[in-house]
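# Close look at the chain arrangement
Below, each chain spelled out in residue letters.
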Amino acid sequence: MKEVRFGIVGVGNMGGGHLNNLRNGLVRGARLTAVCDVRPERLDWALGEMPALKTYDNLDAMLDGGEIDALIIAVPHYSHPPMAIAAFKRGIHVMTEKPAGVYTKQVREMNEAAAKAEADGVVFGIMYNVRTYGAFRKMREMVQNGELGELKRVNWLITSWYRSQAYYDSGGWRATWAGEGGGVIMNQCPHNLDIWQWICGMPVKVRAFCKEGHWRDIEVENDVTAYVEYANGATGVFVTSTADSPGTDRFEIAGDKGKLVHEDGKLTFYRLKTPESVFNASNGSMFGQPEWEKAEVETDGSYTQHPGVLQAMVDKINGEGELVAKGEEGIRGLTIANAMYLSSWKDKTVTLPLDEDEYYEALQEKIRGSKSTKTVREVDGDVNNSFYKA
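## Overview of the overall build of the protein
- The helix and strand inventory of the protein stands at 13 helices and 15 strands.
- Relative to the compact-globule value of 21 Å for 390 residues, the protein shows a C-alpha radius of gyration of 22 Å, a close match.
- Dimensions of the protein along its principal axes, counting C-alpha atoms only, are 75 × 50 × 40 Å.
- Across the 390 residues of the protein, 55% fall into the buried class.
- Sequence separation of 24 or more characterises 72% of the internal contacts of the protein that already satisfy a separation of 6 or more.
- The averaged location of the 54 negative side-chain charges in the protein is 1 Å from the averaged location of its 44 positive side-chain charges.

## Some points on the packing of aromatic side chains
- Inspection of the entire model under this criterion finds 16 aromatic pairs.
- With centroids separated by 5.4 Å and ring planes inclined at 80°, the aromatic side chains of tryptophan 177 and tryptophan 345 adopt a geometry described as edge-to-face. Here tryptophan 345 lies in helix H12 (residues 330–346) and tryptophan 177 lies in the loop between helix H7 (165–168) and helix H8 (184–187), a separation of 168 residues in the sequence.
- Tryptophan 345 sits in the buried class, given a relative accessible area of 19%.

## Brief notes about the packing of helix H9 (residues 190–200) against H12
- Two elements in contact, H9 and H12, have axes whose closest approach is 8 Å; the angle formed by their N-to-C orientations is 115°. Considering the angle they form, H9 stands roughly perpendicular to H12. For the pair H9 and H12, the crossing hand works out as right-handed. Contacts between H9 and H12 involve Leu193, Trp196 and Gln197 from the first element and Arg332, Gly333, Ile336, Ala337 and Met340 from the second.
- For the contact of H9 with H12, the per-class residue count stands at 5 nonpolar, 2 polar and 1 charged.

## Let's talk about the environment of arginine 137
- You can see arginine 137 is positioned in helix H6 (residues 134–144).
- For the pair formed by arginine 137 and proline 307, sequence separation is 170 residues and the distance between their alpha carbons is 17 Å.
- Excluding residues within four positions of it along the chain, arginine 137 makes contact with Arg131, Thr132, Trp198, Asp300 and Ser302.

## Points about the packing of H12 against helix H13 (residues 356–368)
- One can describe the packing of H12 onto H13 by two numbers: an axis separation of 10 Å at closest approach and a directional angle of 70°. With respect to each other, H12 and H13 are oriented roughly perpendicular. Considering how the two elements wind past one another, H12 and H13 form a crossing that is left-handed. Only Glu358, Tyr359, Ala362, Leu363 and Lys366 of H13 make contact with H12, whose side of the interface consists of Asn338, Tyr341, Leu342, Trp345 and Lys346.
- Tallied by class, residues from the contact of H12 with H13 come to 6 nonpolar, 1 polar and 3 charged.

Rules of the game
- Residues numbered from 1 in each chain as written.
- Predicted model: local features only at pLDDT ≥ 70, side-chain atom pairs only at ≥ 80, totals over all residues.
- Heavy atoms only, no water.
- Helix = DSSP H or I, 4+ residues; strand = E, 2+ residues; numbered from the N terminus.
- Rg over C-alpha atoms; globule rule 2.2 N^0.38 Å.
- Buried < 20%, exposed > 50% of the residue type's maximum accessible area, 1.4 Å probe, protein only.
- Contact = heavy atoms within 4.5 Å.
- Lys, Arg positive; Asp, Glu negative; His and termini not counted.
- Charge placed at Lys NZ, Arg CZ, Asp CG, Glu CD.
- Phe/Tyr/Trp six-rings, centres within 6.5 Å; stacked < 30°, edge-to-face > 60°.
- Axes fitted to C-alpha atoms, helices over the stretch in contact; angles between N-to-C directions.
- Parallel < 35°, antiparallel > 145°, perpendicular 65-115°, else oblique.
- Left-handed = near helix turned anticlockwise from the far one by under 90°.
- Nonpolar A, V, L, I, M, F, W, Y, C, P; charged D, E, K, R; others polar.

Below you can see the structure in the form of structure tokens.
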């Protein structure tokens, strides 16, 4: 296996985690050779952890330095696409943190640049580490192989993202339209939205209600209820908040052949003995109901997390495997997020494909009224995406 030399831009919470994983040898065939950050104290920290690192305070200089083959982007959301594009132009592989960006119009430009680079062998991945969680992989497998039959309803109640006012007060950029580009949808829920569409597919209609500054003194949303419809007529509801305690994390998928429920680390299948559509066609009893059996679903128990995503990237670069998530796939969950915002702001149902220009203009209006005291390039994003146990 050819060694892949990595560089990290942004060595805050998430970038620091990647540094530790690479330093500790958790990714076979990978070596961290350089880091970049605008904050001298973070570069000093990185050198204290790995004295042999080359450090930079300018991304272009690192990309041109000749020390790296692949770039890990762990900076605030707005900067993901331009940094990825800069790397693509130099033939450097890219692994970007979630979300892919703040608005799909910008991410589409990144994806177009990636397509050109990939034709020359450049690998582009996104850090959707929650896709490595065994229960979600099993849910996707069961949906795709038809064990649930045609999907009828999808509900995710994910209110276990509690954040206090002290959290929001910890930085002038936090919970602002200019600093983060959104609240709980953009910061805490990108993984949830990705898993939702990864397992169930993309909806065709979105109607959302995003409460901004609800229970907290912030300008962005922290309480969301969204309703979606799918092409086959199935419906879905997504509810999230950062102010509920104790919170709930219950993901439920109902189909013609039964129902899957993931909660408290367990995956349960309520399997109908007869598909509902077949039962309904022959049932003569006014209050008749299909019989079902309940079973806990076994998974492989693995959850390789961030090292697993990077390992897949190294293997892909060496022609020995596939990515956990292609970078271009990041636009899907972001599309749902943008549709939720636009629906709430305009008080209307949004039909996909999204009108990207309409969303961009609406976002700019939010940014113009933002109270952010720092630019998006001066800060490190909030990261807490290890919320499922193996």
